[in-house]
Structure formats: structure tokens, C-alpha cells
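Residue-level structure breakdown
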Amino acid sequence: MKKVTLLFIGLAFAACTGPQEVVSSPDGNVQVSVGLTSKGAIQYSVDFNGKEVIGSSTLGFDFAEAEDLLDGFELATVDVKEVSDAYTMQWGSNTELSYTHTEATFNFTHVPTGRTLGVVFRAANDGFAFRYLIPEQEEGQLVVKDEKSEFNLSEDAMAHWIPGDWEIYEHPYNHTKVSEIDALSKANHPNLAATVIVENSVSTPVTFEYKDGTHMSIHEAALVNYSGMTLLREGKTGFVSSLVGREDGNKATIPTPFKTPWRMVTLGDEATDLLASHLMYDLNEPNQMGDISQWFTPQKYVGIWWEMHMGKSTWDYGMTQDMGTWIADGREHGRHGANNENTRRYIDFAAEHGFSGVLVEGWNTGWEHWIGFDDREGVFDFVTSYPDYDMAELQKYAKSKGVSLVMHHETSAAPRTYDQQMDTAYALMQANDIHLVKSGYVGPLLPKGEYHHGQWMVNHYNNAVTKAFDYQIAVNTHEPIKGTGLERTWPNWVAREGARGQEFNAWSIEKGNYVDHIPTMAFTRFLSGPMDYTPGVFQLHMKSGPDGDNRVRSTIGQQFGLYIVVPSPIQMACDLPENYEKHLDWLQFIKDVAVDWDRSIPVAGKVGQYVAWARTPKENDNWYLGAANADGEHQLSIALDFLEEGATYEAQIYRDADDADWETNPYAVTIETKTYVKGDSFDVRLASGGGFGAILVKQ
Ligand code: NOJ
Ligand code: CA
């Protein structure tokens, strides 16, 4: 095989300068053509279903000290083989996954310097990917000024994007043509404690719709010891990779030999194909931690959290915080949320309703000096409680009721302070039998000149997770680096934020997330793995926000749907116990919904419009359906062809009432029971901004 290919390549290269070697997916629908331009730049283009989706795009590197590797290449060898694997995920949408890809490794010689560069391409039925193989260098390491990987779309497709911010992903999503992307117009959003947008680039995953219905999403897989990739607009319909930077103007320093993260493009005939793809996991390394189910199980949790975002209580103990305004009297002000009594109340609520965890934010010292301060090093203390909080006693109390505290570590984006305390902080958790931590990185990153999404922080985030494993701890990172599928390798990285969460509903200047937020994230952010979105608000109107009238722009029906639509092995029920106690009939859905899935099917969806999933859990043969809808009502018909032949299912349906809509009648819910068999159509009306959740119990 290898010899034949080489001969073919040799002839082809002698004859022309267009694309030469075609790497085909097993089903032939994805064809990646790789060759050299007339200047000897590495170039590729991609056809999907016989139509070009990515036109001639070049690959290469701009180095700070070594000579650039941009053109002047010759092809030395190419090795084509089939790679396939079957593997088990510890948790997630699908437990058993398998794939077959065509892999072609190209080795190029850079003629002017005699150096070599490898590029591995994978063609899969659901997309393609490539990564660079940088061989060992005499200098040992290389300083990357930038990676120059182009993605030239073949048309001015519709793009669903957020800016390529170096500090944060918590921007509202935008829907524009590629040519109309204007990331710089999103700079300095007042709700973002840290935001750095330096150029007209977008974050990944970024999703595109072509005129013929083809859907494409560009992202990366296995981001290790490198900077996050943004995509800089180039030409009318193209992008070139632009890595997140650092103070000296360079983008990364890599040891050699080095494999870059995979640059990954998912392709489908329709939007739901993107959701069915597991290319990101296929490209990651196998599980290196073994079975962690002894100490981590997917779970639902409640917590002392929403009350602070709504301003009912505070994280800090000794001052009054009003989102940036401080009254420093140094004494207990009596509004501290994380106190013993309140925590016991949440523990009791969790125990009564079957929640496994109670997150408590604001339990440790340092909150008097977080948002809005430059000098945040050495402020947070991850082992010292405020005087009104007895962690060991509370955890003992929780355990006696079959519940556990969920730890919280807000670093205020001072990761060096966190690093110094990480071992003691994790050890304290282990000593108290606490196995889940939510970490946070709010604020402009310290040290100045490093950024949340740069290489230095990628290494911090990854290290926080691998170290946590040593203490039997699972991690839920907020203000994180984006997900790139590393949870296949490190299954204790159970969730992250990495997009606008529910919290923005409580205080954002837009008075809440836009109504299309979930049906957009379903096809963008959620492609990068679990999100701790914290669903389950029952009191949709708040007295918080700039004018005291923020709200959740959804119906209650959609809050049910989120438990199915948002991928995560940990799901919060974020509202206050008193709001749940008013609606025990609605709460029943959150109590009954599963979190540990065996198999999941994206059954309907259009980017930014609506999305619906069907999932079956590990513990039984029931099916759970859920959907979220944007503006305008939508009639959904789900073909129940995944049900078991011959079985009858009784469905508990929690849906929008017939006259519900998010603007004027969001609380109107209908709870009903219906019977279904395989092949039936599950018909449900989604209200404007609505949704539903349903549990189909096999009889
Ligand atoms: C931001 C997180 O996203 C939020 O959930 C948390 O409450 C605050 N930081 C405080 O840590
Ligand atoms: Ca956040």
C-alpha cells in the first residue's frame, strides 16, 4: 500500500501543482485532497458529497527564532492506512463508541533548510482532521509566532459565532454570513470581568450552514501544552488559525518532537448530524485513569449559588458586595449565604428530593477582594472557612443523609495562588470524602500578559485535572479553557462552563440570555462536550439585573428540556428550595430525569431555532425526550423508531400548555400521561421560547 501510494504521489507531483493525494473517508463522502502549491506550500481542499466545502487552504508555521515553515516544501513520503477503534466512555451521551478513519501521514521536506514537517490527515464519515508532527529540533524547543492553518470556505456560509476572546467565551452568540463577522464590535462587554478581543477572529466550535444545507463545524481536539486556536477572518469567506497569545507577542513554546492538537472539521447533511458526531472523542487519547466510578457517579445537585447571583445573599462575609460596589465595614453583615443554617437547609432539601450534591459557594475566605481588584494573588484561601461555616460538621451531616457537599474553589483568575494551595485544598476534600469540585477563574488573568486561553493556562487547567485525579476528585471548571474531548483521556474532567451560563439571566445588561441561546449552543458550544449550564429555574422573573427586572427568556417547559438537551454528567437544579417547594409537581421531572446515559440520539434541530434529543440511561430501558425552542412556536414530531419492538411505554410528559409562550405566559405547563409503542410519532407543540421533557417508562 505504502509503495503504491508513494509511486502515485511521485508521478502526480512531477506533473502538476494542484491537489494530488486524495484521502477518502470509508464511505467516500468526505474527500481531502492534499498537495503543494506552485510555491511549495502545503495545501489541502475538501469535498463533501461530491461538492467542495473547503477550497485550497494552506498549512504552515511562523516561528519566532527558527526559520518559518510556510512554503518551499517537497513531499518526501506519505503513508496511508485505515485506523479503527472501539472504546467505552466512563459517562457521557454514548457509552460505547467506535470509528474507522482513513489516516494519511505526509512527511514534507523544507527544501531551503532541509528540515522536515509531518502532517497527519484523517478522513472520517463525519468530517476530517489534521495535526502537525514537528520533529525533534537541534534547539530542543520552538517558539511559535503563529500557526497558519487556513480554512477557506467555498461560499459565504451562515456562521454561528462568538468572538475569539483570549479571556472568556461568555458572549452572546451571533448569526451572520462569514463575510459579515465583526468580532471587534463585541469588545469590552460590561458584564465580562475579563475580555480581550484583539482582532476579527472567532472562537471554536464555530458552526456554518451552506446554501445546500450542508452543516460544518470547525473545532480542535486534544488541546495539550499549546494555546487555544481562534480563527481569524481572512479574505471574504476564509479563516486562518490565530493562536491565543502572550505578553512577548508569541503564541506558544513547544518542546520537540511535538504533536499539535487536532484541527477538526465536522460535516453533515443536516444540523443534527453534527450532534451525532463523536469525531472529537475519536481523536483523543484513550482513558488514562481507568474506572473512576468508585468515587464519581453522574449526579444532580443543588446549591447555595442562585441566591447570590440574584442578590438575595452574598459570597463575602465581612463586606457588602453589590456587583462591584463595596462597603468595607469589616464586620459580619448578616447576608452571608454559606452559613451553617442555610447549608443545612439545602442539605435537607437535597436529601428529601434525592439530589446527591450540595454546592456551597462563598464558604472560604477571600471573597471581600475578588471582582474588581487587580491585586488578587494570595487572597483566596482554599482551606479556611468563614467563621459561620463548619465544613467538616456539615459534610458529616450531609453524609448521614446520603448527600455530599460539592466543593467550590474560586481562584479569581490568580492561578499561581491556587497552584500553591492545590495539594492541601484537594487533600482537605479527600479527607472529608468530597469528590467533586467546581473551580472558577473570574477576572483578568494574573500574571498580566497571560490569558485564560493561552498555553500557560491550558497547562494549568490540564494540571488541575490530572492532579485532582490523585485525590479522587472530579472537576467542573468555570471560566475554563474550551473542551476538546480530553474527558475521554481524563474522565474526571466531568464538566465545564465555557459559554454564557444561566447566571447571566440574573444580572446581564441584556436582561437575560437571548431566547435562541440554547438552540444555538446546542450546535456550537455543546459540540465541545459537557456544559454546567445549571438549569431548572422555576421563578423565571427576578428582581435583579440593571433595572431589577431580569428574567429567564424561556418557558418552564424549556427548563425541563434543558436536562435532556444540555450534555453533562452533572446537572444542577439551580433555583431556590422555596421556589421548588411551590411546584412539587414540576420538581418531580427534575427528580426523575436521568444523568448517566447509555445512548443518545439527536432527533430534531435547526441551528438557533430548536433542538431535541432522545436518550436512554444506563440503569434501565426507559427513554427520555427533551427539546428547547427559540422564538416562534414549533410543532415537533419525533419518530419513535428507537423504542424496543413489542414493548409499551408509558410517557410522563412535562410540556408547554397550549397557550404558553415565553413572553406572556411562560409558567403554563401541562403534565400528561400517554402510551407509545415503537414506530409511533411523538407529537408535541413547542411554545415560542418553549420546550418539554418526557420520560417514557417501559412497561
Ligand atoms: C463564575 C461562575 O460561572 C459562577 O457559577 C460562580 O458563581 C461565580 N463565578 C463565583 O465563583
Ligand atoms: Ca461564568
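Provided above is the structure to which this section pertains.
Keep in mind the model is a prediction, meaning the values are calculated, not measured. (Residues numbered from 1 in each chain as written. Chains lettered and ligands numbered in written order. Predicted model: local features only at pLDDT ≥ 70, side-chain atom pairs only at ≥ 80, totals over all residues. Heavy atoms only, no water.)

Let us now look at the sheet that holds strand β26 (residues 404-410). Taken together, seven strands build an open sheet; the order of strands is β29-β28-β27-β26-β25-β22-β30 and the sheet is parallel. In this open sheet, the two edge strands, each paired with only one partner strand, are β29 (493-496) and β30 (570-572). Here the average twist between neighbouring strands, direction ignored, is 30°. Sheet analysis places strand β27 (residues 436-440) next to strand β28 (residues 474-477), joined by four bridges and oriented parallel. Each bridged residue has a counterpart across the sheet, and for K438 the counterpart in β28 is N476. (Pairing = 2+ DSSP bridges. Helix = DSSP H or I, 4+ residues; strand = E, 2+ residues; numbered from the N terminus. Axes fitted to C-alpha atoms, helices over the stretch in contact; angles between N-to-C directions.)

So, on to the layout of surface pockets. Approximately 550 Å³ is the volume found for the largest pocket. Breaking the lining of the largest pocket down by element, the ones donating at least two residues are β26, β27 and α9 (503-507). The biggest single contributor to the lining of the largest pocket is α9, with three residues. Lining the second largest pocket we find 18 residues, and of these W295, Q299, S356, K399 and S404 sit closest to its centre. Within the lining of the second largest pocket, the residues separate by chemical class into seven nonpolar, nine polar and two charged. (1 Å grid on protein atoms, 1.4 Å probe; cavity = no way out; pocket = protein on both sides within 12 Å on 5 of 7 lines; lining within 4 Å. Points joined across faces, edges and corners; volume = space filled by probe spheres on them. Nonpolar A, V, L, I, M, F, W, Y, C, P; charged D, E, K, R; others polar.)

A few words now on the site of ligand 1. What surrounds ligand 1 is a group of 14 residues, the closest being W305, E361, E410, K438 and H478. The side chain of E361 places a nitrogen or oxygen atom 2.5 Å from an oxygen atom of ligand 1. Taken by itself ligand 1 offers 290 Å² of open surface, and the protein chains cover 97% of this. At a threshold of 2 Å from the grid points, most atoms of ligand 1 map onto the largest pocket. Across the shell around ligand 1, the residue classes break down as five nonpolar, three polar and six charged. (Near = heavy atom within 4 Å. Polar contact = N/O pair within 3.5 Å; in protein donor to acceptor, adjacent residues only side chain to side chain. Areas by Shrake-Rupley, 256 points an atom, 1.4 Å probe, with all protein chains shown as cover. Sits in = over half its atoms within 2 Å of the grid points.)

The final tally for this structure, using the stated rule, is eight cavities of 30 Å³ or more. Roughly 490 Å³ of internal volume is contained in the largest cavity. Residue lining of the largest cavity: 32 residues in total, with S93, L275, S277, Y281 and F526 positioned closest to the centre. Elements with a contribution of two residues or more to the lining of the largest cavity: β16 (215-221), β21 (262-268), α2 (271-276), α3 (279-283) and β32 (610-617). Counted by class, the lining of the largest cavity contains 21 nonpolar, 10 polar and one charged residues. Shared between two domains, the lining of the largest cavity takes at least three residues from each, and those domains are domain 1 (2-282) and domain 3 (500-699). (Domains from an automatic or database assignment.)

Here the bond from T204 into P205 is cis, since omega is 0°, no more than 30 degrees from zero. Tracing the chain through its elements places P205 in the loop between β14 (201-202) and β15 (206-209). Geometrically, the link from L446 to P447 is a cis peptide bond, its omega value of 0° lying close to zero. For P447, the position within the fold is in the loop between β27 and α8 (455-470).

This part is about the sheet that holds strand β33 (residues 623-629). Taken in spatial order, the six strands of this open sheet run β31-β32-β33-β38-β35-β36, and their pairing is antiparallel. Each having just a single partner strand, β31 (597-606) and β36 (669-677) make up the two edges of the open sheet. Across the sheet, the mean angle separating the axes of adjacent strands is 15° when strand polarity is ignored. Examined bridge by bridge, β33 and strand β38 (residues 691-698) share six bridges and lie antiparallel to one another.

This part covers the packing of helix α7 (residues 415-431) against α8. At their nearest, the axes of α7 and α8 sit 10 Å apart, and the two run at 15° to each other. Judged by the angle between their axes, α7 and α8 are roughly parallel. When the axes of α7 and α8 are compared, the crossing they make is right-handed. Contact with α7, carried on its side by P415, R416, Y418, D419, M422, D423, Y426 and Q430, involves W456, M457, H460, N463, A464, K467, A468 and D470 of α8 and no other residues of that element. The residue inventory of the contact of α7 with α8, partitioned by class, reads eight nonpolar, three polar and five charged. (Parallel < 35°, antiparallel > 145°, perpendicular 65-115°, else oblique. Left-handed = near helix turned anticlockwise from the far one by under 90°. Contact = heavy atoms within 4.5 Å.)

Let's shift gears to the pattern of salt bridges. A complete count under the given rule lists 28 salt bridges for this structure. Ionic pairing is found between E103 and R122, a salt bridge with its closest N-O pair at 2.7 Å. Residue E103 is located in strand β7 (residues 96-110), and its partner R122 is located in strand β8 (residues 115-124); the two are separated by 19 residues in the primary sequence. Across the pair, exposure class does not vary: E103 and R122 are buried alike. Where R685 meets E633, a salt bridge forms, and the shortest distance between an N and an O atom there is 2.6 Å. Of this pair, R685 sits in strand β37 (residues 681-686) while E633 sits in the loop between β33 and β34 (634-639), and the two are 52 residues apart along the sequence. Among the residues examined, R685 registers a relative accessible area of 17% and is labelled buried. On the basis of relative accessibility, which here comes to 55%, the residue E633 falls in the exposed class. One network of salt bridges, in which partners are shared, links E147, E220, R263 and K482. (Salt bridge = Lys/Arg side-chain N within 4 Å of Asp/Glu carboxyl O. Buried < 20%, exposed > 50% of the residue type's maximum accessible area, 1.4 Å probe, protein only.)

This next bit is on the coordination of the calcium ion (ligand 2). Taken together, the protein donors to the calcium ion (ligand 2) comprise E170 (OE), E170 (OE), E479 (OE), E497 (OE), E497 (OE) and E503 (OE), at separations of 2.3 to 3.1 Å. For the calcium ion (ligand 2), all donor residues lie on one chain, and their spacing in sequence is E-x308-E-x17-E-x5-E. In this pair, E479 is assigned in the loop between β28 and β29 and E497 in the loop between β29 and α9, connecting sequence segments 18 residues apart. Taking relative accessible area as the criterion, E479 reaches 9% and is therefore assigned buried. (Donors = N, O, S within 2.8 Å, 3.2 Å for Na, K, Ca; no water.)

Turning our attention to the packing of aromatic side chains. Scanning the model with the defined rule gives 41 aromatic pairs in all. Each ring, one from W166 and one from Y451, has its centre 5.1 Å from the other, and the planes form 70°; the classification is edge-to-face. Of this pair, W166 sits in the loop between β12 (158-161) and β13 (174-177) while Y451 is found in the loop between β27 and α8, placing the two residues 285 residues apart along the sequence. Each member of the pair, W166 as well as Y451, is classed as buried. Centre to centre, the rings of F682 and F692 are 5.4 Å apart; their planes meet at 25°, and the pair counts as stacked. With a gap of 10 residues between them, F682 in strand β37 and F692 in strand β38 connect regions that are remote in the sequence. Of the two residues examined, F682 and F692, each falls in the buried class. Members of the aromatic cluster, joined through ring pairs, are Y44, F61, F63, F73, F106, F108, F121, F128, F130, Y132 and F151. Here R488 stacks its cationic end above the ring of Y87, 3.6 Å away from the centre of that ring. (Phe/Tyr/Trp six-rings, centres within 6.5 Å; stacked < 30°, edge-to-face > 60°. Lys NZ or Arg CZ within 6 Å of the ring centre and 35° of its normal.)

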